[in-house]
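# What the coordinates show
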Amino acid sequence: DSVTTVSATASSDSSSNSNNIDHGATTWRVDFVSLTLSIFQLPIFTQRFKEGTARTWKMTYLDGDTRIVRAGKTGRGEDDWIFYMRRGVSE
């Protein structure tokens, strides 16, 4: 099993929102701090991001364990990357 963890802070502050995106229940602005790739819970690689590295995440909830996340710099569809996420099993 491999686990990728993302350490990030999410902000719903719309005062700095130049794209008029509603950062609410299904759309978030995520400011990245670091990304760590772990295999068998052993950290293999950590990427630290420059301050101000942020993306807009748009969530679609398929069920209690499954999400589709569209993430991009602007919040517009033309720069989205698609992520399929499932809740992992806690040990």
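Coordinates for the structure precede this section.
Bear in mind that the values here come from a model prediction, so they are computed numbers and not experimental data.

What counts as what
- Residues numbered from 1 in each chain as written.
- Predicted model: local features only at pLDDT ≥ 70, side-chain atom pairs only at ≥ 80, totals over all residues.
- Heavy atoms only, no water.
- Core = buried A, V, L, I, M, F, W, Y, C linked by side-chain atoms within 4.5 Å.
- Buried < 20%, exposed > 50% of the residue type's maximum accessible area, 1.4 Å probe, protein only.
- Contact = heavy atoms within 4.5 Å.
- Helix = DSSP H or I, 4+ residues; strand = E, 2+ residues; numbered from the N terminus.
- Polar contact = N/O pair within 3.5 Å; in protein donor to acceptor, adjacent residues only side chain to side chain.
- Salt bridge = Lys/Arg side-chain N within 4 Å of Asp/Glu carboxyl O.
- Pairing = 2+ DSSP bridges.
- Phe/Tyr/Trp six-rings, centres within 6.5 Å; stacked < 30°, edge-to-face > 60°.

### Thoughts on the nonpolar core
The biggest cluster of nonpolar side chains holds six residues, and these are Val 30, Phe 32, Trp 57, Met 59, Val 69 and Ala 71. Discounting residues that sit within four places of it in the chain, Ala 71 has contacts with Thr 56, Trp 57, Asp 79, Asp 80, Trp 81 and Phe 83.

### Concerning the side chain of Asp 80
On the secondary structure map, Asp 80 appears in the loop between strand S5 (66-72) and strand S6 (81-86). Within polar-contact distance, the side chain of Asp 80 engages the side chain of Lys 58 at 2.9 Å.

### Details of the pattern of salt bridges
Summed over the entire model, instances satisfying the criterion amount to two salt bridges. In this structure, Asp 31 and Arg 29 form a salt bridge, with 3.3 Å as the shortest nitrogen-oxygen distance.

### With respect to the environment of Phe 32
Within the secondary structure layout, Phe 32 lies in strand S2 (residues 27-39). Taking the relative accessible area as the measure of exposure, Phe 32 reaches 16% and is therefore buried. Between the C-alpha atoms of Phe 32 and Ala 54, which are 22 residues apart in sequence, the distance is 5.8 Å.

### Quick notes on the pairing of S5
Put simply, side chains in a regular strand alternate between the two faces of the sheet. Counted residue by residue, S5 has five buried out of seven residues, so it is predominantly covered. Pairing between strand S4 (residues 54-61) and S5: six bridges, direction antiparallel. From the neighbouring strand, Lys 58 faces S5, where its bridge partner is Arg 70.

### Notes on the packing of aromatic side chains
Under the defined criterion, the tally for this structure stands at two aromatic pairs. Their ring planes at 50° and their centres at 5.6 Å tell us that Phe 32 and Phe 49 sit as a pair that is tilted. Placement of Phe 32 in strand S2 and of Phe 49 in the loop between strand S3 (42-48) and S4 is noted, with a sequence separation of 17 residues between them. For Phe 49, a relative accessible area of 30% puts it in the partly exposed group. A centroid spacing of 6.0 Å and a plane angle of 55° characterise the contact between Phe 32 and Trp 57, whose relative ring orientation is tilted. You can see Phe 32 sitting in strand S2 and its partner Trp 57 sitting in strand S4, a full 25 residues away along the chain. Given the relative accessible area of 17%, Trp 57 is considered buried. A network of ring pairs unites the aromatic residues Phe 32, Phe 49 and Trp 57 as a single cluster.

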